[in-house]
Amino acid sequence: MQPGLKQLFLRTNGLISIKPKIRITDNYTLSLVYSPGVGYICQVIQKNPDLLYDLTITGNSVALLSDGSRSQIKKPSWMIPNLEAISALYKAFYDIDAYPVILDKEIMNGSDDYLLILDNLSTTYKTIVLVDIEEKLTQEILQKLENAKLDCTVVISNTHSLVEQLKDAALIKSVLDSRSILKPTQIEQIRLKLKDLDFTQLPSYLTVTLSSAYAVSLNEIHKNGLFHHTVKNTTPSQFVSKLNDLYLYGEIAYYNRWTPKQFLQNNDINQNSLELHKRYNGVITIALKFNPRSLEDLYRIYELSYRNNDILEIQKLFEADPKKIREVTIKKNYAAIVTNGTAILGLGNIGPSAGSPVMEGKSVLFNALGGIDLMPICFKERDPHKLVQLIRFIAPIFSAINLEDLRAPDCFPIEEEAIHSIHIPLMHDDQHGTAVVSLAALINYLKLTKKNVKDLKLVINGAGAAGVAICKLLHGHGVEDILICDTEGVIYEGRPKNMNSFKNDLAKFTNKNKIAGKLEDAVKGRDLFVGVSSAGALTQDMVRTMNKDPFILALANPIPEIMPDEAIKAGAFIVATGRSDFNNQVNNSLAFPGIFRGAIDTKAKEINLQMKIAAAYAIANSIKENELSPIRILPGALTAEIPANVARAVAIAAMESGVAQVKVDPEEVFDNTRKLIMEGSIPTL
């Protein structure tokens with residue numbers, strides 16, 4: 001008996017996943033996909049925005065949006081099987097990467113909010129597909145799209161016909177490859193051309209028919225000059241030839257060749273990162289969780305399933321048992337990484353499009369180290385409250401959200417409001433990932449020096465996102481004597497200059513003696529310096545004024561506040577930096593994959609202080625006490641057991657602190673995390 005989509009969902013826990021195009025095998029590969037190499041890719045795109053198509057997922061990706069209003073389903077999230085089925089169809093037949101998003105219609109204010117979402121998503125997704133939108137709303141959106149100045153093509157695909165969905169896929173593929181920005185009337189012109197194509201012989205002559213539909217769409221776009229100027233020298237026949245290569249050779253047909261004679265060993269990290277991103281056009285892709293023997297077999301599966309209403313049968317499972325939605329769809333393992341491009345790495349406010357490569361690189365890390373499928377979302381919106389509204393609009397499909405590269409002080413109200421309005425694990429990694437790993441380093445410093453946490457004297461230089469989070473987490477762990485400095489000097493209660501509500505909050509529990517002055521004054525007699533500021537901020541003379549055996553965490557990137565050798569010469573006992581080429585790297589990837597894995601597996605309502613402290617201890621305790629030394633207080637970022645240890649510890653803390661919504665066996669969390677890292681999605685099958 002021919003299996004249907006229902007059997008596939010039940011067998012494979014959803015039809016799609018997000019996978020890296022590159023295997024992260026060592027720190028060097030990591031440096032090409034993420035920091036520091038990815039920073040160079042951002043700068044390249046900032047200088048030439050057209051390269052977004054060549055260096056990121058933009059050239060082959062669509063956002064696939066639905067609110068379920070046309071089908072009038074009870075909960076928008078029940079549309080997940082529909083979107084997964086369409087995404088899998090697009091991928092299998094045309095190699096389109098379609099990222100599903102469910103919109104929460106109940107909190108959206110009509111067509112204006114839909115256009116707001118479309119406009120904000122257009123920084124990464126130049127083609128957006130709306131599915132199952134009720135008719136009146138569809139007409140309103142179409143009317144407004146015709147007159148709106150959006151930097152994307154919006155295709156409304158409300159059909160439940162397999163043939164019509166394949167025609168829409170051909171249209172979408174041609175729009176992606178032509179890099180076209182089309183109005184609804186222009187889309188309808190192409191649909192009219194596709195209407196006369198004969199699809200009655202399917203599945204016979206399947207690839208020939210698919211290729212013909214693609215060619216018709218392309219020819220219409222090129223005949224009317226609707227292509228992007230970057231592909232003006234590529235003819236429709238060349239595009240069609242490449243699609244036919246796809247049917248013969250698979251996705252490798254779309255990979256670009258390495259530049260001849262540009263050997264990796266002869267180039268710097270920046271150039272090699274550029275080569276890598278050029279080759280793959282972005283570093284993540286949608287992958288099918290099943291492997292049909294042929295496209296003809298897959299067509300028959302879809303044909304049978306659509307005839308038998310398999311998707312409706314899956315939705316009935318959710319009505320009988322709401323927990324099933326996490327078991328049989330992508331939802332349990334599907335998360336989003338959200339930025340607005342205002343604080344990208346050390347590059348600052350370079351915008352959401354230029355920041356896109358960082359989100360892709362982070363997606364690779366989430367998958368490689370936590371087995372989590374992460375969709376990159378780069379919004380335009382700068383206003384904190386409005387940004388949270390956008391996050392709420394797209395939240396129903398995701399099991400967690402990672403906030404990334406948001407500028408301070410905006411990041412604080414954004415995270416706080418989002419946590420209280422979206423009851424899923426949500427964390428701003430730039431704050432808390434750095435803080436957790438810094439606490440892990442501190443825990444091992446205390447083991448080596450036998451100092452008491454209550455007696456420690458801490459100074460932090462930098463009151464941005466990471467500085468504030470480190471201050472709060474270390475204080476929550478028992479460090480009482482804290483000074484924190486910004487560009488004006490030491491923060492204290494009542495300071496007249498350069499204060500805000502967040503610094504006022506810090507002043508209430510730090511600097512109890514109201515010490516004033518600059519960093520050189522604050523550092524005197526301190527045991528611990530944490531720098532999240534700028535290169536060269538800490539001098540050897542300052543280190544010499546610190547307490548015996550001081551610990552220096554100089555985390556500014558790419559150049560730390562003080563170079564490790566200089567700090568050691570000045571009397572530092574331990575030095576940690578954010579760089580992989582020095583000992584004791586404070587790398588966020590030690591923390592966030594395991595934190596999110598443990599939070600997702602327990603369906604935690606939030607990521608709280610107890611979970612962060614548990615994560616820090618899991619990282620610290622991964623090195624045995626007899627193996628600790630001043631040059632080894634933190635494990636390597638790619639140690640496979642670290643995310644599993646962290647996930648287990650976080651799961652326990654979530655259950656003990658009362659934020660977990662399901663009880664799990666911590667050993668199963670550990671084991672499943674290890675298997676996900678080794679095998680991808682296979683352990684869930």
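Just so it is clear, the structure is predicted and the values come from calculations on it, not from any experiment.

Student: Help me get a handle on the overall build of the chain, residues and values and all.
Tutor: Counting its regular elements, the chain contains 28 helices and 16 strands. With the C-alpha coordinates aligned to their principal axes, the bounding extent of the chain is approximately 80 × 55 × 45 Å. Burial status across the chain gives 59% buried among its 685 residues. Restricting to contacts in the chain with at least 6 residues of sequence separation, those with at least 24 account for 75%. Carbon and sulfur atoms make up 49% of the accessible area of the chain, which amounts to about 26800 Å² in all. Treating the 74 positive side-chain charges of the chain as one cloud and the 76 negative ones as another, the clouds have centres 1 Å apart.

Student: Would you mind going over the pattern of salt bridges in detail, with residue names and values included?
Tutor: In this structure the tally under the stated criterion is 33 salt bridges. A salt bridge links E135 to R70, with the shortest nitrogen-to-oxygen separation between them at 3.1 Å. With a gap of 65 residues between them, E135 in helix α7 (residues 135-147) and R70 in the loop between β2 (61-66) and α5 (80-94) connect regions that are remote in the sequence. For K324, the salt bridge is made with E327, and the minimal N-O distance between the two is 3.6 Å. A residue pair is termed a helical-turn pair when its members lie 3 or 4 positions apart in one helix, as K324 and E327 do in helix α15 (residues 324-328) at three residues. Accessibility expressed as a relative area gives 28% for K324, which makes it partly exposed. Each of K91, D95 and D97 takes part in a single network of salt bridges with overlapping partners.

Student: Give a description of the pairing of strand β14 (residues 528-531) that names residues and reports values.
Tutor: The two faces of β14 match: L528 and V530 on one face and F529 and G531 on the other face are all buried. Looking at chain direction, strand β11 (residues 457-461) and β14 are connected through four bridges and run parallel. Opposite N461, over in β14, you have G531 as the bridge partner. Pairing of β14 with strand β15 (residues 551-554) involves four bridges; the strand directions are parallel. Across the sheet, V530 pairs through a bridge with L553, a residue of β15.

Student: Lay out the side chain of D67 in plain terms, naming residues and giving numbers.
Tutor: Considering the arrangement of structural elements, one finds D67 in the loop between β2 and α5. Despite its burial, D67 pairs with no opposite charge; the closest candidate is K105, at 5.4 Å N-O. There is a polar contact of 2.7 Å between the side chain of D67 and the side chain of S69. Side-chain polar atoms of D67 contact the side chain of Y114, separated by 2.4 Å. Excluding anything up to four places from it in sequence, D67 contacts P76, L103, K105, Y114, V131, D132, I133 and L137.

Student: Got a sec to walk through the UniProt feature "domain: Malic enzyme N-terminal" (unreviewed entry) in the chain? Specific residues and values, please.
Tutor: Mapped onto this numbering, the UniProt entry gives "domain: Malic enzyme N-terminal" (unreviewed entry) at residues 13-146 and 281-419. The annotated region residues 13-146 carries 46% helix and 16% strand content, and the separation between its end C-alpha atoms amounts to 39 Å. Annotation note: span residues 281-419, helix share 46%, strand share 15%, distance between end C-alpha atoms 34 Å.

Rules and cut-offs
Residues numbered from 1 in each chain as written. Predicted model: local features only at pLDDT ≥ 70, side-chain atom pairs only at ≥ 80, totals over all residues. Heavy atoms only, no water. Helix = DSSP H or I, 4+ residues; strand = E, 2+ residues; numbered from the N terminus. Buried < 20%, exposed > 50% of the residue type's maximum accessible area, 1.4 Å probe, protein only. Contact = heavy atoms within 4.5 Å. Areas by Shrake-Rupley, 256 points an atom, 1.4 Å probe, with all protein chains shown as cover. Lys, Arg positive; Asp, Glu negative; His and termini not counted. Charge placed at Lys NZ, Arg CZ, Asp CG, Glu CD. Salt bridge = Lys/Arg side-chain N within 4 Å of Asp/Glu carboxyl O. Pairing = 2+ DSSP bridges. Polar contact = N/O pair within 3.5 Å; in protein donor to acceptor, adjacent residues only side chain to side chain. UniProt positions renumbered as here; feature names shortened; annotations may be inferred.

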